[in-house]
Each structure stands twice: as structure tokens, then as C-alpha cells.
Amino acid sequence: MSTAADGAPVTLVTGGGSGIGAATTRILLGRGHRVAITGRGEDRLKAFAADAGDALLTFPGDASDPGAVQAAVDGTVAEFGRLDHVVANAGFSTHDDLADGDPERWREMLLNNVLGPALLIKAALPALRAAGGRIVLVGSTAGVKNTPGNFYSVTKFAVSALAENARVLVTGSGVGVTLVSPGRVESPFWDSREDGVPDGPVMTAENVAQSIAWALAQPAGVEVNSVVLRPSGQVH
């Protein structure tokens, strides 16, 4: 078990090797956190962690696999001695609609975007209750306002419900729950979209990561339950 910086907070970030997850990890490491990240791309995780030193752990695995999620939580606690915060960031969009999309891809997206955060909460709750820690779920403005026929929007509405469900479950236990719902962000999220990032205003992944870090830094006894942020000029 690591003995360096034993008083430093410990945070686990799913999908931490790129985009919002990677930006969040960089900010937290810069603020003295010890961080564990998960992701499906082992090479990407290794490349990201190459210069991070002992303050960063990596756990390759699928966010919708119960065994992989439990192993990441257990491995983090075993190495760092505790777990203070989790950030359920892993997620993706099929960038299609109900009229012409692929139901098998919807199944994968549903499991990743909705079951994944639920698995993380379940696996981490004992450690978070012991630490009086925080849960951050990364939603989307697509979970605030529907877009036509968009099953990704359905999954993010479910994440919004999950955040409130979890909050009611843990309130009074010292564990805080925050839903962070960003609008359009320039990130690898759009890589699978044929036309790339849509036209219009965008935020950076760092903009969103700053809000996540801010939610985690609230004083004991205070929790921010919902944060919605859009680039100036985004209407929906």
C-alpha cells in the first residue's frame, strides 16, 4: 500500500484517459489528489499515466462490467488506503436516432451510460460512507432537454434520475451527490460522428473538469446537487 501523501484525497474517475475524464484527472493531480482512472483502452491509459508517477493508478476495463468496476474500487482502496470521491464520467453516444439507429449499439450505450454509474456507486459506497466522500455523475444537457429521437438523450435523462435516486439513498450519511450536465464540449466524444463536432459554440473539456473539481471541493456538510453548464450561445 502506498504511504506517500497518505493524507491526500483519493478520487476514482471512470473514462479517465481522455476528454473530460482526463482533464478532471489532471486538475485533481495538480491539487494534490491521488487518482485512479479506468478505461477500455489499456494503451491510452498507459500513455496518459506515463508521467504521472505514483499518484495515479490505472485500471483497464469496461465501465458496464461489474467485476471490472469492483476490481477498480478494491484496487484503489488497497493501494491508497481509502476512497474519498468517485466521478462517473465514462459514456458515449451512438450519434443516431430512433428511426435509423442500431439497437445493438443502443444496448451497449445504455449499459455503459446508465448501468456503469450505478455499478460504480454500489461498489464504492462502503468506502465513500467511511470517508464522508462525494459522488459526481457526468450527465448532459441532453438529459435536461430532449433532442428528437435521440436515445443518448434517454440515457442521460436516466443518469439525472440516478443522481437524485442516489442522493436520497445516501443523504445524511455524509456522502454528497452532484450531477454535472455539460452542453457541447470539444472532445473525443464526437470522434465517431461522421461530421465531427457540430457547428456552433463549444466548451473545452477543462471547462467542465473545473466544475467537477469545484463540486468535489465543497466543504463538509455542503453539497451541490446539480450543475448545468453550456457554452455561451448554445440554445438547447
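For the structure itself, look to the data block above.
Okay, so let's go over this structure.

Rules behind the numbers
- Counting starts from 1 at the beginning of each chain's written sequence and moves along it residue by residue.
- Residue-level local features of this predicted model are given only where pLDDT is at least 70; pairs of side-chain atoms are given and counted only at 80 or more, and the full residue set underlies all totals for whole chains, interfaces and linings.
- Excluded from the side-chain calculation are hydrogens and water; included are all heavy atoms of the structure.
- Only DSSP runs of H or I covering at least 4 residues are called helices, and only runs of E covering at least 2 are called strands; the numbering of each starts at the N terminus.
- Only C-alpha atoms enter the radius of gyration, while the globule expectation follows 2.2 Å times N to the 0.38, with N the number of residues.
- Contact definition: two residues touch when any of their heavy atoms are within 4.5 Å.
- Positive: Lys, Arg. Negative: Asp, Glu. His and the chain ends are not part of the count.
- To locate a charge, take NZ of a lysine, CZ of an arginine, CG of an aspartate or CD of a glutamate.
- Axes here refer to lines fitted to C-alpha atoms; in helices the fit is confined to the stretch in contact. Angles between the N-to-C directions go from 0 to 180 degrees.
- Angles below 35 degrees are treated as roughly parallel, those above 145 as roughly antiparallel, those between 65 and 115 as roughly perpendicular, and all remaining angles as oblique.
- Should the near helix be turned anticlockwise from the far one by less than a right angle, the crossing is left-handed, and should it be turned clockwise, the crossing is right-handed.
- Residue classes follow a fixed rule: Ala, Val, Leu, Ile, Met, Phe, Trp, Tyr, Cys and Pro count as nonpolar, while Asp, Glu, Lys and Arg count as charged, and any other residue, Gly among them, counts as polar.
- A strand pair is defined by DSSP finding two or more bridges across the two strands.
- By the criterion used throughout, a crossover qualifies as right-handed when its path from the first strand across the helix to the second strand runs clockwise, the strands pointing away from the viewer.
- Here, nonpolar core means buried Ala, Val, Leu, Ile, Met, Phe, Trp, Tyr and Cys residues that are tied together by side-chain atoms lying within 4.5 Å of each other.
- For the exposure calls, accessible area comes from a 1.4 Å probe over protein chains only, and a residue counts as buried if that area is under 20% of its type's maximum, exposed if over 50%, partly exposed in between.

Observations concerning the overall build of the protein
Working step 1: In terms of helices and strands, the protein carries six helices and nine strands.
Working step 2: Taken over C-alpha atoms, the radius of gyration comes to 17 Å for the protein, in line with the 18 Å a tight globule of 236 residues would show.
Working step 3: With respect to the three principal axes, the spread of C-alpha positions in the protein is 55 × 40 × 35 Å.
Working step 4: Sequence-distant contacts in the protein: of pairs separated by 6 or more residues, those separated by 24 or more amount to 66%.
Working step 5: Averaging the positions of the 18 positive and the 24 negative side-chain charges in the protein gives two centres separated by 7 Å.

Section: the packing of helix 3 (residues 66–80) against helix 4 (residues 103–131)
Working step 1: In contact at an axis separation of 9 Å, helix 3 and helix 4 are set at 25° when each is read in the N-to-C sense. Considering their axes alone, helix 3 and helix 4 lie roughly parallel with respect to each other. The chirality of how helix 3 crosses helix 4 is right-handed. For the pair formed by helix 3 and helix 4, the contact residues are Pro66, Val69, Gln70, Val73 and Val77 on the first element and Leu119, Leu120, Ala123, Ala124 and Ala127 on the second.
Working step 2: Classifying every residue of the contact of helix 3 with helix 4 by side-chain character gives nine nonpolar, one polar and no charged.

A word on unusual backbone geometry
Working step 1: Of note, the phi angle at His95 is positive, near 50°, even though the residue is not glycine.
Working step 2: Structurally, His95 can be placed in the loop between strand 4 (85–88) and helix 4.

Details of the pairing of strand 3 (residues 56–60)
Working step 1: Where strand 2 (residues 34–39) and strand 3 come together, five bridges link them in parallel fashion. Paired with Ile37 across the strands is Thr58, a residue of strand 3.
Working step 2: This β-α-β element, strand 2 to helix 2 (residues 42–49) to strand 3, shows right-handed connectivity.

Description of the environment of Ala68
Working step 1: Mapped onto the fold, Ala68 is located in helix 3.
Working step 2: Residues Ala68 and Thr38 lie 30 residues apart in sequence; the distance between their C-alpha atoms is 9.1 Å.
Working step 3: Among residues more than four places away in sequence, those in contact with Ala68 are Gly61 and Asp62.

Brief notes about the nonpolar core
Working step 1: By size, the foremost hydrophobic cluster in this structure holds 30 residues, and its most contacted members are Leu83, Val86, Ile135 and Leu137.
Working step 2: Those elements giving two or more residues to this core turn out to be strand 1 (10–13), strand 3, helix 3, strand 4, helix 4, strand 5 (134–138), helix 5 (151–170) and strand 6 (176–182).
Working step 3: Of all the elements, helix 4 adds the most residues to this core, at eight residues.
Working step 4: In contact with Ile135, other than residues within four places in its own chain, are Val86, Ile121, Leu128, Val175, Gly176, Val177 and Thr178.
Working step 5: The next biggest cluster of nonpolar side chains, apart from the first, holds 28 residues, and it includes Leu28, Val136, Val138 and Val208.

Quick notes on the environment of Glu79
Working step 1: Mapped onto the elements of the fold, Glu79 is located in helix 3.
Working step 2: We classify Glu79 as partly exposed; its relative accessible area is 29%.
Working step 3: In this structure the C-alpha to C-alpha distance between Glu79 and Ala36, which are 43 residues apart in sequence, comes to 9.8 Å.

The values reported here are purely geometric and, on their own, carry no functional implication.
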